[in-house]
Amino acid sequence: MSDESQRKYRADYKVPAYLIDTVDLDFDIRDRLTRVTAVSCVRRNPDATTAANGWTLDGRGLTLESVAVNGQTLDEGDYQITDNSLILGALPHAFELRVVTLIEPDSNLALEGLYRSGAILCTQCEATGFSRITYFPDRPDVMSRYTTRITADAARYPVLLSNGNRVDAGAADAEGRHYAVFEDPFAKPCYLFALVAGDLGVIRDLYTTASGREIALALYTEHGNEDQCHHAMASLKDSMEWDERTYGLEYDLDSFIIVAVASFNMGAMENKSLNVFNTACIFARADTATDKDFALVRDVVAHEYFHNYTGNRVTCRDWFQLSLKEGLTVYREHQFAIDHGSPGVTRIEQVRMIREVQFPEDAGPRAHPVRPESYLEMNNFYTITVYEKGAELIRMIAQMAGRDVFLRAVRHYLDKHDGQAVTIEDFVVAMEESTGLDLAQFRRWYAFAGTPRIRLSSVFNNGQLTLSADQAVPDTPGQSNKPAFDIPIAVQLFDDAGMPVQPPEILRLTEPRQSWHFKDLPAAPTVSALRGFTAPVKLEFEQSEADLARLMAHDTDAVSRWDAAQSLYLLTLLDVVKADVAEQRLPAVSEGLLAAIGELLDTPPDDKALLAEMLTLPSAARVGDLFDKIPVAAIDRSRRHVQTAIAERFSDRFWALAEAHSARSNYQFNDEQAGRRRVFALALDYLATLDDDSIRERASAAYEQADNMTDRMAALLALNDLPGVQRDAALADFAQRFADYPLVMDKWLRLQVSARHGDAVAQVRTLLDDSRFDFTNPNRIRALLGGFVRANPLAFHREDGAGYALLVEEICRIDRFNPQVTAALAGLLAPWQRYASPYAHGMYEALRRLDAETLSDNTREIVNAGLARL
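Since the structure is predicted, the reported quantities are computational estimates derived from the model, not experimental observations.

Caption draft 1: Spatial organisation of the packing of aromatic side chains. Per the counting criterion, the structure on display carries 35 aromatic pairs. An angle of 5° between the planes, with centres 5.7 Å apart, marks the rings of Phe27 and Phe193 as stacked. In this pair, Phe27 sits in strand 2 (residues 18-29) while Phe193 sits in the loop between strand 16 (188-189) and strand 17 (195-198), placing the two residues 166 residues apart along the sequence. Note on accessibility: Phe27 and Phe193 belong to one class, buried. Ring centres 5.7 Å apart and planes at 75° place the aromatic pair Phe306 and Phe336 in the edge-to-face group. In this pair, Phe306 is assigned in helix 2 (residues 291-306) and Phe336 in helix 3 (residues 322-339), connecting sequence segments 30 residues apart. Each member of the pair Phe306 and Phe336 is classed as buried. Chaining the aromatic ring pairs together yields one cluster made of Trp242, Tyr247, Tyr251, Phe256, Tyr305, Phe306 and Phe336.

Caption draft 2: Quick look at the pairing of strand 15 (residues 177-183). Among the 7 residues in strand 15, 5 count as buried, and that is most of the element. Linking two consecutive strands that pair antiparallel, namely strand 14 (residues 165-170) and strand 15, is a turn of 6 residues; a positive phi of about 80° is found at Gly176 within it.

Caption draft 3: Main features of the pairing of strand 2. Note: strand 2 against strand 3 (residues 34-44), 11 bridges, orientation antiparallel. Bridging from a neighbouring strand, Asp28 pairs with Arg35 of strand 3. Where strand 2 folds back on strand 3, the antiparallel hairpin that results is connected by 4 residues. Here 7 bridges tie strand 2 to strand 12 (residues 143-153), and the two strands are oriented parallel to one another.

Caption draft 4: Layout of the side chain of Thr209. By the secondary structure assignment, Thr209 is in the loop between strand 18 (200-208) and strand 19 (214-222). Side chain to side chain, Thr209 and Glu250 meet in a polar contact 3.4 Å long. If sequence neighbours within four positions are ignored, Thr209 has contacts with Ile215, Glu244 and Glu250.

Caption draft 5: Looking closely at the sheet that holds strand 10 (residues 113-117). Sheet architecture is open: 4 strands sit in the order 10-11-17-13, paired in antiparallel fashion. Here the strands that pair on one side only, and so sit at the sheet edges, are strand 10 and strand 13 (159-162). Across the sheet, the mean angle from the axis of one strand to that of its neighbour is 15°, orientation sign disregarded. Looking at chain direction, strand 13 and strand 17 are connected through 4 bridges and run antiparallel. Bridge pairing links Leu160 to Ala197 in strand 17.

Caption draft 6: Representation of the sheet that holds strand 28 (residues 487-494). Strands sit in the order 29-28-31 across an open sheet of 3 strands; the sheet is antiparallel. The two strands at the open ends of the sheet, each matched to only one other strand, are strand 29 (505-509) and strand 31 (526-529). The mean angle between the axes of side-by-side strands here comes to 35°, regardless of whether they run parallel or antiparallel.

Caption draft 7: Spatial organisation of the nonpolar core. By size, the foremost hydrophobic cluster in this structure holds 245 residues, and its most contacted members are Phe406 and Leu829. The element that contributes the greatest number of residues to this core is helix 10 (residues 558-581), accounting for 11 residues. Once residues within four sequence positions are removed from consideration, Phe406 is found in contact with Tyr247, Tyr331, Ile394, Ile397, Ala398, Ala401 and Met431. Grouped together as the second largest cluster of nonpolar side chains are 44 residues, Tyr18, Tyr79, Ile133 and Cys190 included.

Caption draft 8: Up close: the side chain of Glu333. Summarising the element assignment, Glu333 is placed in helix 3. Among buried charged residues, Glu333 stands out as having no salt bridge; its nearest opposite-charge side chain is Arg298, 7.9 Å away. At 2.8 Å, the side chain of Glu333 forms a polar contact with the side chain of His303.

Caption draft 9: Broad picture of unusual backbone geometry. Omega for the peptide link from Glu126 to Ala127 comes to 5°, which places this bond in the cis form. At Asp520, a residue that is not glycine, the phi angle is positive and equals roughly 60°. With respect to the secondary-structure elements, Asp520 resides in the loop between strand 30 (513-518) and strand 31. The exposure class of Asp520 is exposed, given its relative accessible area of 74%.

Reading guide: rules and limits
- Residues numbered from 1 in each chain as written.
- Predicted model: local features only at pLDDT ≥ 70, side-chain atom pairs only at ≥ 80, totals over all residues.
- Heavy atoms only, no water.
- Phe/Tyr/Trp six-rings, centres within 6.5 Å; stacked < 30°, edge-to-face > 60°.
- Helix = DSSP H or I, 4+ residues; strand = E, 2+ residues; numbered from the N terminus.
- Buried < 20%, exposed > 50% of the residue type's maximum accessible area, 1.4 Å probe, protein only.
- Pairing = 2+ DSSP bridges.
- Polar contact = N/O pair within 3.5 Å; in protein donor to acceptor, adjacent residues only side chain to side chain.
- Contact = heavy atoms within 4.5 Å.
- Axes fitted to C-alpha atoms, helices over the stretch in contact; angles between N-to-C directions.
- Core = buried A, V, L, I, M, F, W, Y, C linked by side-chain atoms within 4.5 Å.
- Lys, Arg positive; Asp, Glu negative; His and termini not counted.
- Salt bridge = Lys/Arg side-chain N within 4 Å of Asp/Glu carboxyl O.

Spelled out as structure tokens, the structure:
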């Protein structure tokens, strides 16, 4: 059971009592046990204010063999061991500490510290995994230079890797054991330590920096998977070049290594010079990965590489400052993605993530500021708020400063704090120093949770347009009566023909209510507001169908065009859902909406991916955000009603789109082809709602003819809700064709449990018993259980509670070995108060059942939040 007395508070931060200049690690890897010897050069921190009467080191799941200070082995009475620490008594001002521990990587299913993933031993140390390796002050503000020696059986572990440059190695001795030694010249916190040992395949390349240095690149994976790694290697080189060209940041070591492992709780980890990745974020080949998979690999590789400066060279002082490294690096990743894909559609995808995932988090029981004030288990705060909302705050600063000024400001920040562990406040101060911006009020974005609501209104009179805006931030757990934020709002005015009346402008909303005046206008203009999504806010602005259709057709900003289309869809969807809830006849789809869709099909944008986005209905999450209590089934029926009506009106056009955008050449991952595949998939999706044999035959033919996973999945998704022999045959073929590709079979698992027909709960239970799948692997768990909850809301929210009961059972089973995964699953139940009856009651009772169990700290913290026990 968790102990709230262990909750950590940002206000309680104290500098470390001791600093560690160097750490020499020796890993002696044996069949079952690994002996870790850690020798640290320690000195009293001159900035420490507490008396030097002892030192507490973090450690979990360790067997202590010995501990020595300055060569003198301590007796058991000289120290104390608890479940999570080693407490030493009085210590000298400076000393050498030698700690020897035994660990069992093979039985470590938590996937923290040193653990086994198939034939590979690897580490994951962020946030506090290093404390599963040895007793150490496991906090990011203790930065040290590491030397690592690894000794292991040469036949079983021919590849030995760690951070930094390899400085020594020895061939197999008489026992068949070899060794390698690595030195990292840069001081780093222990969460960036990494080690990998295994029998691995590799692809290699070289990158030449702008200054002419050659960097050796290597990507390791299990044998047989090398041909799925070339896109990741190309993405790494693109990332290195982009960071040099954009920020002037050249890589600082002689080699850069990536290792892909199958069992990994996160997407990837930015360990200095030795990144460890989930295979889901590395493997990409045309026949096994979709366009979305290719983009994910590109962007995650870039994200982890960019951490080399924004996270590694300058790191966070404590974990409350997590967004210091993650928000800035996600922003850099976003800009990289925009420069390497369709700029408008890439930004739309970023906006969708904020609206559909972060906004609900901000409105739920676990709402927290970008810089949290307290936590019980740090792993629970690797959230969309810290990452994606944090990136949006950086984006606002960049917009207000201007691109070139902001880039110089980031370099100023990195130069000023190189080699330091700092705070968000240090970053904001550096921005002010370099840009000249006054960010005093802007700091509130970091301090307060909740999504600001902006109510915008317009009045036109005698050639003058007056725009007025009100802002308010709703109460969130522990925070109420919030002050006004500093909110940039980009606007542009258009005439009746859709032509711009004046250049775009960024308005700064800093008061609870504020107005702006636009003079000398010949007629009332159409207002395009929050262009590009200049701030993570909810904008309430009543506009007519005609104004929205005009923006949808003519706005020069891709996000605004898409947003206008989304608003038109939402006007109709809102009416349909309300009628469904009231058990009234569902109204016909608005002719204004249908006319706007017809115009879009007549004059589509040049960017085919943008066309697909503009024809896509708002998600169930987006519609649910319009309601105080989410009516799950009514939203599902209403979306189906509207989609079917559109498909019926434009069936000939969708058939034509499907034919015009079917494959004509071999697969390439580029904007033009990816856009083609998006339109093809969208056309099949609309046609599938008509549920007739012709679409079954067309989708079945598309499946059989597909030479790439994107088109194959488009056909399968269309067939998935069309029960019949075609669907059964395609799914059976898919399972046989890709049986040896676990990540592809994850797609099959999601398809199985997301179908609208049949008993999805029973299907999940059947698959959980399927011997083909290892459900200790986080990717399998996310595919099956996460896919069931997110992709099949009707089944998860069954009125008999069977979906909730299933999730509770699996949380209790998995929590015993992987609390990070179960905390995320429990989070799917926590926002029960946002749901209508009977869903709210069922979710609440599921939380109560979990509350009665013995849970990990990770999961307990989520359950307590859901039960409002904060």
